[in-house]
Amino acid sequence: SLFMMSLPVQEEERYIHANNRPLNLPYQYADNAIRTSKYNVFSFLPLNLFEQFQRLANAYFLVLLILQLIPEISSLSWFTTVVPLLLVLTMTAVKDASDDINRHRSDKQVNNRRVDVLIDGELRSEKWMNVQVGDVIKLENNQFVTADLLLLTSSEPLNLVYIETAELDGTFILKCVFPTGEVRCEPPNNRLDKFKGTLTVNGQTYALDNDKVLLRGCTLRNTEWCFGLVVFGGPDTKLMQSSGKTVFKRTSIDGLMNVLVLCIFGFLAVMCSILAVGNAIWEVREGSVFIAFLPRPNGVNAGFSAFLTFWSYVIILNTVVPISLYVSVEIIRLGNSFYIDWDRKMYYPKSDTPAQARTTTLNEELGQIKYIFSDKTGTLTQNIMTFNKCSINGKSYGRSIGEKTQTVDFTWNELADPKFVFHDPSLVELVREGDLAAQHFFRLLALCHTVMPEEKTEGELYYQAQSPDEGALVTAARNFGFVFRSRTPESIRIMEMGQEVTYDLLAVLDFNNVRKRMSVIVRSPKGKLILFCKGADTIVYERLHPSCLKLKDTTTSHLNEYAGDGLRTLALAYKDLDDDYMEDWRRRHHEANIAMDGKEERLDELYEEIEKDLMLLGATAVEDKLQDGVPQTIEQLAKADIKIWVLTGDKQETAENIGYACNMLREDMTEVFIVAANTAEGVREELEKARRTMCPDAPDKPVVVEARAGLFWRQKTRKVEDEAVNGEYALVINGHSLAYALEKDLELELLRTACMCQTVICCRVTPLQKAQVVELVKHYKQAVTLAIGDGANDVSMIKAAHIGVGISGQEGMQAVLSSDYSFAQFRYLQRLLLVHGRWSYLRMCKFLRYFFYKNFTFTFVHFWYAFFCGFSAQTVYDEWFITLYNLVYTALPVLGMSLFDQDVNDRWSSQHPQLYSPGQLNLYFSKKAFVRCMMHSCYSSLILFFIPWAAMYDTVRDDGKDIVDYQSFALLAQTCLLIAVTIQLSLDTHYWTAVNQFFVWGSLSAYFAITFTMYSNGMFLIFTSTFPFIGTARNSLNQPNVWLTILLTSILCALPVVAYRFTLIQLWPTINDKVRHKVRKEALPAPAPRRPPVRRISTRRSGYAFSHAQGYGELVTSGRFLLRRPQKIRTDRGRGGGEVRRKQSAPKVWMRSR
């Protein structure tokens, strides 16, 4: 049986013996080491070379090298291919090795962390990598969780363990834990929210679920220690399983480059075929004359000669295939990534968070974004709630926007939170004077919640709240003198204006998405029964006593005022209860609670019954603060013709409020459409109605353009064309409606209607729906998309978009870890796109245009020369010039331009967002631009060949000594070429730096220095066959007609370019031309001032402020979390296997929070 266990079969169920490594060993469970690296010392070279030769250009040059080793067809020395190929392979290998070394270091750092493991009855410090499934480990405060654990016990008196799980799910959950013996559970999987298993202790079997498991990726907080049993280790942990394989993202320029390289191969084949045919014709007509003194080898005729010539020209014209293109692109992308990392204007000092380019392959795509999909909470907002205003007994308190009032002094309250700020001293005075309504208001806030308190030292209170809203309300009550201190399942202890008061907690009527309210029923020390209720104003108003009508109208006006400020509100009410009625109600509540059938419905009826005839106390207004600069950023991005869609899990009212606060929604919009139907037909009707309102003349069916793209045009694409509308519209759609709208028969209607709108807000959406919306736009709009979020629920959206941006904020690092770029504030997105993205796109396009220009010009000169050398595959240049042309003479100048060039500086780029639009339209580099490049190269090559040829034909030196020969012509042709392409580079460069100057002049100087050295007597004497051009440089470059020829070719190459550009600027100036003209005339613009938020007049009501998950009322009243903590842990190891036993085996409750 042990042999069978060791077989690598598919695991269907996991058996674990606690603290018994010998029994667990035969199962061969994965150890706890993680490995994210790709290579090791032995596999690096073969694996890396295999990956590199999967690139078309590298594989082509390898074949080329093999061809060059065949003497019959090789007209170039082997080093002309080996040197560039080795350089490219080496540079790429060094980069890959560097990346993998960093991965090894990261893995080593994690795997070498220490943790205490229970071995042979004592705790030993072990490395994480040595921890095994079945081990019992001890975690201490602020330690990372080593593996997926079944929790056993903790140090806390209430057995509460606070676990930071924001990296997993951004929430906290109360966990109930049992002692362990033998565990049977599900095999490793990636479901973070589910766990199935059983626990057997002393013959008793218990069910295990996700509430009893602590996942790797969490951090222990505010807990001295806890013990856990390892159930999954290393690659089997749910975190590693759910990581999956990240989709490799490529830019649209990458895809275009692959297509162009394929076209270049075809073009090369055509050129070589033309020259091979020319060779056959020449051999028949002219070649026979030379047979007398150059006899052909046996069996070689004109046809075979043409065949050999074809392959010879494949070797000679190889420069048309850009081997150094890919490595140059990688260097440019790496450099532009460093600019993002180094940008101090994207550094957030409060959290010491710089911007980070987590990938180096997508920079230029940042300059082509058309759609942005943004999360709301924590992305547009800070996810920090502040108690801003309140309405008590018909009077409003708190500071209005723009109003200057003094800050309230809370020093009279020893238990006040020093971070709490309020701006209306009259409310404190009211509470301290003993106003009953005000005191009842804050008493409600101190009692009606599910917050967990922590008080390590006297007076130092920490609240662990289910949502930031609840924490803000309880903290407000604390500062106004009603301090929540502690709770048990049956009581709540608070300080009321310095006096300790304990209320009996009789029931918690918990919050859920249908009720949209929560209530508590308490008994005061005087024996008075009170029901306190807080909830959405519309829900609470329906349950008010008729006597509250006047107060309700006043409070409603205050709620509308708060809605205008974008605040999140709750209505507060109470009700005095009768003892006899309460006794009867509790009996019926107990019966409903233990009912097997219809439990939820019976409880809802009881809740409805008791929550009637409430007395209104007032309302709270909590501000979910916008991040700094969000409205201005959205405004600038809109000017750049970038459409922003908000995809949020929040409810409609809350999302709309933030939309108005961000200026995405405005009162002066033509119309804001709400889609909230509960059926597919209803959603269709609402979408069609909105579409017809915006564009009455639009056809019923969308215009879908079908095309083909990709390598060999195998990929079918469908694009829904944009439709023009008059006016500004917005669309708000709910999650349940979106589910219908994303179905196959409705998705195009949704896309069509949404794309007509300036703003789209999707509310109550799931992570999967977020990804589906992004995929829909990607698929049918063929536009570049960007997704930005800060939580684990945004990961699917971030991975689905072309570019994923993570905000490192309040909800952990999971979004950042899955993103391509990260920073701390939404406002930095403006600089990322309008400055870095636009520059990167501009530089990459300039590089590609110039790169293809210089290489095609170089190659076409060979093509023309073939007609004058009998198609003999003789090179027009010196072999060493061919070798060094791309590697030395032209490499650094183009890199300098591609790393430093900018049409206008960052300030002007931000001031004129319209400069961004050319990237969205692919104006700077496309198939048309590539064809124009080829035509330009063709013209330049004609000049660079025929002008030197005509100038040198039958020419002698001015002293009459020597007739011009092939070597002199080759030197002149290559010098003219290099100077002409350098002038073209200078014309393309807008922004000159000292580095650019050094690269340009340095490369020209290097050319002449190397040329004079290689053509010297010394080099000829040492390497006679390698350097045959002895004396050519000094004999040719001292002739005036040579320099005049160089000048003439340079002028003829540059003149049409200058004239064409001058004409375009004068007659059809682009937005870039206009702004650059403005730059020359005007001073640098001042930074845009921060505008104060503008008060919005609105009759809309803001939304319910609770979290949208089921509340924890049942758990806090269950009594499970207050059982006594074990005083001692004893470890017994028997023959049948070790178990961890405790003297008290009662279940424990564990809590994890952000």
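Computed from a predicted structure; not experimentally measured.

Engineer: Would you explain the overall build of the protein chain in this entry?
Structural biologist: Counting secondary structure elements, the protein chain contains 37 helices and 38 strands. A total of 1154 residues make up the protein chain; the buried ones form 55% of that total. Long-range contacts, defined here as pairs at least 24 residues apart, represent 76% of the contacts in the protein chain between residues at least 6 apart. Surface accessibility of the protein chain: about 50700 Å² in total, with carbon and sulfur atoms responsible for 56%.

Engineer: Sorry, what's going on with helix α21 (residues 747–756) here?
Structural biologist: Every α-helix carries 3.6 residues per turn, so stepping three or four residues along brings you back to the same face. Taken across its 10 residues, α21 has 10 buried, putting it largely inside the fold. Within α21, burial applies to E747, L748, E749, L750, L751, R752, T753, A754, C755 and M756.

Engineer: Would you mind showing me how to read the packing of aromatic side chains here?
Structural biologist: Given two aromatic rings, their pairing is described by the distance between the two centres and the angle made by the two planes. Taken as a whole, this structure holds 57 aromatic pairs when the rule is applied. A centroid spacing of 5.6 Å and a plane angle of 65° characterise the contact between F410 and F420, whose relative ring orientation is edge-to-face. In this pair, F410 sits in the loop between β17 (395–398) and α10 (425–432) while F420 sits in the loop between β17 and α10, placing the two residues 10 residues apart along the sequence. Judged by relative accessible area, which is 9%, F410 ranks as buried. F420 gets classed as buried once you look at its relative accessible area, which sits at 12%. Ring geometry for F851 and F852: centres 6.4 Å apart, planes at 90°, overall edge-to-face. Taking the relative accessible area as the measure of exposure, F851 reaches 2% and is therefore buried. On the basis of relative accessibility, which here comes to 1%, the residue F852 falls in the buried class. Members of the aromatic cluster, joined through ring pairs, are F267, F847, F851, F852, F856, F860, F925 and F930.

Engineer: Looking at this structure, I do not really get the UniProt feature "active site" (unreviewed entry) in the protein chain. What am I missing?
Structural biologist: In this structure's numbering, the residues bearing the UniProt feature "active site" (unreviewed entry) are D375. As for its position among the elements, D375 is in the loop between β15 (369–374) and β16 (381–392). Excluding residues that lie within four positions of it along the chain, D375 makes contacts with L380, L647, T648, K770, I788, G789, D790, D794 and M797. Of the polar contacts made by the side chain of D375, one reaches the side chain of K770; its length is 3.4 Å.

Engineer: How should I be thinking about the pattern of salt bridges in this particular structure?
Structural biologist: Per the counting criterion, the structure on display carries 39 salt bridges. Residue R443 pairs with E496 through a salt bridge whose shortest N-O separation is 2.8 Å. Taken together, the positions of R443 in helix α11 (residues 436–447) and E496 in strand β21 (residues 491–496) put the pair 53 residues apart, joining distant regions of the chain. Of the two residues examined, R443 and E496, each falls in the buried class. We note a salt bridge from E749 to R691, for which the minimum N-O separation is 2.6 Å. Within this pair, whereas E749 is found in helix α21, its partner R691 is found in helix α19 (residues 680–694), the two being separated by 58 residues in sequence. Overall, E749 belongs to the buried group, its relative accessible area being 9%. Within this structure, R517, E542, R543, E608 and E611 form a network of salt bridges that share partners.

Engineer: Where do I start with the sheet that holds strand β3 (residues 122–127) in this structure?
Structural biologist: Either a parallel or an antiparallel arrangement is found when strands of a sheet pair, and the pairing is made through backbone hydrogen bonds. Strands sit in the order β3-β2-β4-β13-β5-β11 across an open sheet of six strands; the sheet is antiparallel. With partners counted over all chains shown, the strands left at the sheet margins are β3 and β11 (213–214), one partner each. In this sheet, β3 lies alongside strand β2 (residues 114–119) in antiparallel orientation, the contact comprising six bridges. Directly across from D116, in β3, lies its bridge partner S125.

Engineer: Even after reading the chapter, I still don't get the packing of helix α7 (residues 252–285) against helix α8 (residues 302–316), so can you show me in this structure?
Structural biologist: Each pair of packed helices gets described by two things: the angle between the helix axes and the distance between those axes. At a minimum axis distance of 8 Å, the contact between α7 and α8 shows a crossing angle of 145°. In the packing of α7 onto α8, the handedness of the crossing is right-handed. On the side of α7, the interface is formed by A269, C272, S273, L275, A276, N279, A280, E283 and V284, while α8 contributes A302, S305, A306, T309, F310, Y313 and V314. Of the residues assigned to the contact of α7 with α8, the class counts are 11 nonpolar, four polar and one charged.

Engineer: Is there a simple way to explain the side chain of T633 in this structure?
Structural biologist: As for its position among the elements, T633 is in helix α17 (residues 630–639). Its relative accessible area of 2% is what places T633 among the buried residues. Apart from the residues within four sequence positions on either side, T633 is in contact with F826, R827 and Q830.

Engineer: Before we go on, may I ask you to explain the nonpolar core in this structure?
Structural biologist: Grouped burial of nonpolar side chains is what soluble globular proteins tend to show. Counting 101 residues, the largest nonpolar core has Y313, F847, L848, F852 and Y877 as its most contacted members. With 18 residues, the top contributor of residues to this core is helix α25 (residues 828–866). Counting residues in hydrophobic clusters, the runner-up holds 53 residues, among them Y397, A472, F511 and V622.

Engineer: Looking at this model, I keep getting lost on a nonpolar patch on the surface. Mind explaining?
Structural biologist: Together, V270, I274, F867 and F868 make up a nonpolar patch on the protein surface, roughly 360 Å² of accessible area in all. Mapped onto the secondary structure, V270 falls in helix α7. Given the relative accessible area of 45%, V270 is considered partly exposed.

Engineer: Looking at this structure, how should I read helix α15 (residues 579–594)?
Structural biologist: With 16 residues, α15 ought to run about 22 Å at 1.5 Å a step, and its terminal C-alpha atoms sit 23 Å apart, in line with that. Looking at α15, one finds that the buried residues are M582, W585, H589 and A592. The buried residues of α15 occupy an angular sector of 85° when projected down its axis, which confines them to one face. The exposed set on the far side of α15, more than 90 degrees from its buried face, consists of D580, E583 and I594. Its buried side turned inward, α15 meets β22 (499–509), β23 (517–523), β24 (529–535), β25 (568–577) and α16 (599–610). Two to three positions downstream of the cap, the backbone nitrogen of D580 sits 3.1 Å from a side-chain oxygen, assigning the N-cap of α15 to D578.

Engineer: Would you explain the sheet that holds strand β14 (residues 356–357) in this entry?
Structural biologist: Taken in spatial order, the nine strands make up an open sheet running β14-β35-β34-β33-β15-β27-β32-β31-β28, and their pairing is mixed. Since the sheet does not close on itself, it has two edges, and those belong to β14 and β28 (671–675), each with one partner. Bridge count between β14 and strand β35 (residues 821–823): two bridges; the pairing is antiparallel. Among the inter-strand pairings, Q356 is bridged to a residue of β35, identified as S822. On the sheet, α21 packs against β15, β27 (643–647), β31 (729–733) and β32 (759–762) and is oriented at approximately 120° with respect to β27. Taken strand by strand, α25 contacts β15, β33 (784–789), β34 (803–807) and β35, and its axis lies near 140° from that of β35.

Engineer: I tried to follow the pairing of strand β4 (residues 136–140) on my own but got confused; where do I start?
Structural biologist: With four of five residues buried, β4 lies mostly within the body of the structure. In the sheet, β2 pairs with β4 via two bridges, with the strands oriented antiparallel. Across the sheet, residue D116 finds its bridge partner in β4, namely K138. Pairing geometry for β4 and strand β13 (residues 225–232), over five bridges, is antiparallel. From the neighbouring strand, E140 faces β13, where its bridge partner is W225.

Cut-off values and rules
- Residues numbered from 1 in each chain as written.
- Predicted model: local features only at pLDDT ≥ 70, side-chain atom pairs only at ≥ 80, totals over all residues.
- Heavy atoms only, no water.
- Helix = DSSP H or I, 4+ residues; strand = E, 2+ residues; numbered from the N terminus.
- Buried < 20%, exposed > 50% of the residue type's maximum accessible area, 1.4 Å probe, protein only.
- Contact = heavy atoms within 4.5 Å.
- Areas by Shrake-Rupley, 256 points an atom, 1.4 Å probe, with all protein chains shown as cover.
- Phe/Tyr/Trp six-rings, centres within 6.5 Å; stacked < 30°, edge-to-face > 60°.
- UniProt positions renumbered as here; feature names shortened; annotations may be inferred.
- Polar contact = N/O pair within 3.5 Å; in protein donor to acceptor, adjacent residues only side chain to side chain.
- Salt bridge = Lys/Arg side-chain N within 4 Å of Asp/Glu carboxyl O.
- Pairing = 2+ DSSP bridges.
- Axes fitted to C-alpha atoms, helices over the stretch in contact; angles between N-to-C directions.
- Left-handed = near helix turned anticlockwise from the far one by under 90°.
- Nonpolar A, V, L, I, M, F, W, Y, C, P; charged D, E, K, R; others polar.
- Core = buried A, V, L, I, M, F, W, Y, C linked by side-chain atoms within 4.5 Å.
- Patch = residues over 30% accessible without salt bridge, like charges linked within 9 Å, V, L, I, M, F, W, Y side chains within 5 Å.
- Expected span 1.5 Å × (residues − 1).
- Arc of directions from axis to C-beta.

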